[in-house]
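Structural characterization, general
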Amino acid sequence: MVGGEVAPWPVLFVPEERLGWSFSDRDRFRRTFAEPKPSIAPAAEGESDRVQAVRRRLPGRLAWTWRFAVVGAVLGWVLLVRRHTAQPDQHLSPESVLIAGAVGAAVGAVAWVGLLLGHLSVVRRYGSRRQAVQLHRNDAALEAWSARRAAFEDQEGRRLSSLPQWVSAPAPGHRRIDVVGGNLWGWEAFLTVFGASALASRGPMVVLDLSGEPIVGELARGAVASGLDVDVQMLPAELADSDLLTSLDVPSLVDIFIESLHGGDSKATRGERVLDARLLGALCEKLVAGGLTMPRIAAGARVLLNEPSDGEQLSPTERAELADQVFSEAYRQQSSGSLRVIEALADSLGGLGQRTPRRPPADLQCVSISTTWRSGAGDFLADLVVAWAARQIASDIEVATLVVAGADELAPRHLERLSDLCNRRGTRLVVMFRHLREASFEMLGAGPVAFMNLGNPQEAARAADFIGRDHRFEISGLTRSIGGDQTHGVSDSDGGSEGVAQTGGRERGASTGGLAVAPSRSWGRSQSQTRTTSRDWGQTVTASNSRNWSDTESRARVYEYAVEPRVLQQLPDYAMVLVEHAVAGVQVKAVEINPEIPLLQQADAEWSYQASSIVAKFTQGVEVPVGAEAVAAPQADDPRAVTGPDAVSHPRGWRKR
């Protein structure tokens, strides 16, 4: 507990080096219920057809009623005759014959109609009972299927709730990582998340906080709470107790001082640098016996400049040797400009160098420069701090991770040298830039780069250019056409024909039968004439309607940004875009660096556990259908499933001081 709130240190200091977390949508791993919904069988369709068939045949059978009426009348008359035969004394009257026939006909008709209606009622009741049985079976099957589906969804919800909603984003590779953009709040969150995991997984860490504001406080509190040794140097307030110049000989001190003096000044010639090194080296050779501290160097420079001094830092012997043995008066006059710069910078560093022993080793070493406003002395001190870190790594002191926060004003050659040292000795180097200017842009590319919020449009465009472009297909045009056609036509035809046919013929003949018979002759003539007239007419009407429409989509291959600049401009404070150039192409990943995300996961897991307990309480005594366990069994083999906070291995033990 920290200030009444739960601290996330136990879940941050775990042996898993990470930059943050990536959101994982649990619904992507949701499985669907494979069993199909039972088909609802029709409720006694055969019986319904039977009832309909009986109803269809009913009118025809009712038409047979007269037949049964006749049969009944006959039976009535038969009974009447038998009665008269049995009792001959009774008179058989016409009225009795009519009554007996009418009663018999009525009884026969009623009996036939009752039989038909009874048959229809029996068929209807039988069909209703079969329909009720079928409906009950359908309801039972649907209820059982719903129970199995509910059990599956309940167990699937439990399995999904056990999956982490935020997955760790591991730090790629083992080399350098550059972080560009963001603000101090985002930097503090990143140092807390990454630093905690790096301490637990890799070992000792050195953080150079050059941002001007202490952003390592939260990481330091977490390290102390986790039982780690922490050493924080707040500069320039604690310059006298700093070991930046401890155990330095004269050549090393001169190199560090002169390189920090000129920094990234490209206008400084080699001659100027050599001259400054010559002056400072000669001065330090006379002061090394009494100790190389910044106040003594400043006092010695004032002696060479013939400036007044308080006399407390140098002994009379040292003063005399400096005045008489270090350079001639004319040489010092010509080099007075360089001597004044050396004196001013050495004097601005106060009591730096007064501490002779090294500070005790610690798991987390933080050197933080806190200044109200940037100044030349502050930039000079920042270069000294970077040189001290390079000396720590070069001297084979165990440093697993080195973080330089606020490296915008550092000289590119110093960062390159520091990167080479870390690469050769297997030290993870993390360099953080507030802005993506030309100097910092030239430093990118040695490893993965994480971009945070870049509000400046030019810097965002430069970052998008670094991420690169890729080919993809985009919609270039949409075309929609709608048309129609309607035709209507009428055609009339009228025609006729007329013909005349005429035929005619003659025939003549003679015959003779013998001598006594006179010859006979015959002749005939026939003529016929036929006249035909015909007329035909017709009308044809045609009509047609047609309607058509079409949608057309065209795509074009474009070569555009993989990440648009406006996306980098709108990033939240606790978000970053991790970019890694690989053989397969550019890999871009969104990463969240909020240190409270593990607490959200714990709260989500506790809520899921409580919800599962409530569901189990209310479902106690309810028989789980067979098959639900078989469906949910694969969750045991899911590599993403976790069993709880106890499944996380405890970080390795650290010594306490």
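Residues numbered from 1 in each chain as written. Predicted model: local features only at pLDDT ≥ 70, side-chain atom pairs only at ≥ 80, totals over all residues. Heavy atoms only, no water.

**Comments concerning the confidence of the model for the chain**
Defined as follows: Scored between 0 and 100, pLDDT is the confidence that the predictor attaches to each residue. The way it works is that DSSP assigns letters per residue, a run of H or I at least four long becomes a helix, a run of E at least two long becomes a strand, and they are numbered from the N terminus.
Residues with a pLDDT of 70 or more make up 76% of the chain, whose mean pLDDT is 78. Mean pLDDT values for the elements of the chain range from 35 in helix 19 (residues 628-632) up to 95 in strand 7 (residues 401-405).

**Points about the side chain of S211**
What counts is decided by this rule: In protein, a polar contact requires one atom able to donate a hydrogen and another able to accept it; more generally it is a pair of N or O atoms within 3.5 Å, and residues adjacent in sequence count only if both atoms are side-chain atoms. Contacts were defined at the residue level, with two residues in contact if any of their heavy atoms lie within 4.5 Å.
You can see S211 is positioned in strand 4 (residues 205-212). There is a polar contact of 2.6 Å between the side chain of S211 and the side chain of D209. Of the polar contacts made by the side chain of S211, one reaches the backbone oxygen of E213; its length is 2.9 Å. Those residues within four positions of S211 in sequence are excluded, and the remaining contacts are L184, W187 and A405.

**Observations concerning helix 6 (residues 217-225)**
We count it as follows: Classification of residues uses two cut-offs on accessible area relative to the type maximum, computed with a 1.4 Å probe and protein chains only: under 20% is buried, over 50% is exposed, and between them is partly exposed. Our arc is simply the arc of the directions from the helix axis toward the C-beta atoms.
Of the residues making up helix 6, those classed as buried are L219, A220, G222 and A223. Down the axis of helix 6, the sector holding all buried residues measures 165°, keeping them to one side. Every exposed residue of helix 6 that faces more than 90 degrees away from the buried side is listed here: R221, V224 and A225. Just past helix 6, the residue G227 takes up positive phi, approximately 85°.

**A short note on helix 12 (residues 336-348)**
Let me state the cut-off plainly: Any helix carries an expected span of 1.5 Å times its number of residues minus one.
Under the 1.5 Å per step criterion, the end-to-end length of helix 12 is 18 Å for 13 residues, consistent within 8% with the ideal 18 Å. Check the buried side of helix 12 and you find it contacts helix 7 (250-262), helix 8 (270-287), helix 9 (294-304), helix 11 (329-334) and helix 13 (376-394). G350 sits one or two residues past helix 12 and shows a positive phi near 60°.

**Quick notes on a negative patch on the surface**
Counted only if it meets this: Patches draw on residues past 30% relative accessible area with no salt bridge. Two like charges within 9 Å are joined, as are two nonpolar side chains (Val, Leu, Ile, Met, Phe, Trp, Tyr) within 5 Å. All accessibility values rest on the Shrake-Rupley procedure with a 1.4 Å probe; residue burial counts only the protein chains present in the view. Each salt bridge in this description consists of a side-chain nitrogen of Lys or Arg and a carboxyl oxygen of Asp or Glu lying within 4 Å of one another. Charge assignment: positive for Lys and Arg, negative for Asp and Glu; neither His nor the chain ends contribute. Here the site of a charge means NZ on Lys, CZ on Arg, CG on Asp, or CD on Glu.
Together, E416, D420, E438 and E442 line one region of the surface with negative charge. Of all the secondary-structure elements, those providing two or more residues to the negative patch are helix 14 (412-424) and helix 15 (438-443). Structurally, E416 can be placed in helix 14.

**So, the nonpolar core**
Convention followed: The set of buried Ala, Val, Leu, Ile, Met, Phe, Trp, Tyr and Cys residues whose side-chain atoms join them within 4.5 Å is what this entry labels a nonpolar core.
By size, the foremost hydrophobic cluster in this structure holds 80 residues, and its most contacted members are L208, I297, L402 and F451. Ranked by residue count, the leading element in this core is helix 13, at eleven residues. Counting residues in each nonpolar core, the second largest holds 42 residues, with W9, A220, L228 and I597 among its members.

**Quick look at the pattern of salt bridges**
Counting across every chain of the model gives 19 salt bridges. For R296, the salt bridge identified is with E318, shortest N-O distance 2.8 Å. With a gap of 22 residues between them, R296 in helix 9 and E318 in helix 10 (residues 316-325) connect regions that are remote in the sequence. Of the two residues, R296 and E318, neither departs from the other in class, the shared state being buried. Two residues, E329 and R332, come together in a salt bridge whose shortest N-O distance is 3.2 Å. Placement of both E329 and R332 in helix 11 is noted, with a separation of three residues, approximately one turn of the helix. With a relative accessible area of 37%, E329 lands in the partly exposed category. Taken together, the salt bridges that share partners define one network made up of E17, R202 and R428.

**Structural notes on unusual backbone geometry**
Cis rather than trans, the peptide bond between L235 and P236 has omega equal to 5°. Structurally, P236 can be placed in the loop between strand 5 (230-235) and helix 7. One non-glycine residue, S247, lies in positive phi territory at about 65°. With respect to the helices and strands, the residue S247 is situated in the loop between strand 5 and helix 7. For F327, which is not a glycine, the phi torsion comes out positive at approximately 65°.

**Some details on the pairing of strand 8 (residues 428-433)**
For clarity, the cut-off: Each pair of strands is called paired provided DSSP finds at least two bridges between the two strands. Whether a crossover is right-handed comes down to one check: with the strands pointing away from the viewer, does the path from the first strand over the helix to the second run clockwise; if it does, it is right-handed.
Burial of strand 8 is extensive: six of the six residues sit out of reach of the surface. By the alternation rule, side chains of strand 8 split into R428, V430 and M432 and L429, V431 and F433, which are all buried. As paired strands, strand 3 (residues 177-180) and strand 8 are joined by four bridges and run parallel to one another. Looking across to strand 8, one finds that D178 is bridged to V431. On the question of chirality, the crossover connecting strand 7 to the parallel strand 8 by way of helix 14 is right-handed.

**A closer look at the pairing of strand 7**
For a regular strand, side-chain orientation follows a simple rule: the groups alternate between the two sheet faces. When you tally the buried positions in strand 7, you get five out of five residues, the bulk of the element. Burial along strand 7 is two-sided: T401, V403 and A405 and L402 and V404, pointing in opposite directions, are all buried. Where strand 4 and strand 7 come together, five bridges link them in parallel fashion. Paired with D209 across the strands is A405, a residue of strand 7.

**Re the side chain of S197**
Topologically, S197 is positioned in helix 5 (residues 184-201). A relative accessible area of 0% means that S197 is categorised as buried. Among the polar contacts listed, one links the side chain of S197 to the backbone nitrogen of R18, at a separation of 3.1 Å. Look past the residues within four positions of S197 in its chain and what remains in contact with it is L12, V14, E16, E17 and R18.

**Regarding the packing of aromatic side chains**
The condition is simple: Aromatic pairs are defined between Phe, Tyr and Trp rings, using the six-membered ring for Trp, whenever the two ring centres lie within 6.5 Å; interplanar angles under 30 degrees are classed as stacked, those over 60 as edge-to-face, and all others as tilted.
Under the counting rule described, the total for this entry stands at nine aromatic pairs. The interplanar angle of 70° and the centroid separation of 5.3 Å between the aromatic rings of F23 and W166 together place this pair among those described as edge-to-face. A residue pair is termed long-range when its members are at least 10 positions apart, and F23 in strand 1 (residues 18-23) and W166 in strand 2 (residues 166-170) qualify at 143 residues. On the basis of relative accessible area, F23 is assigned to the partly exposed category, the value being 49%. Between F451 and F466, the aromatic rings sit 5.9 Å apart at their centres with planes inclined by 65°, giving edge-to-face as the arrangement. Of the two residues, F451 is situated in strand 9 (residues 449-451) and F466 in helix 16 (residues 457-467); the sequence distance between them amounts to 15 residues. Each member of the pair, F451 as well as F466, carries the same accessibility label: buried. An aromatic cluster is built from F33, W145 and F152, whose rings are joined through pairwise contacts.

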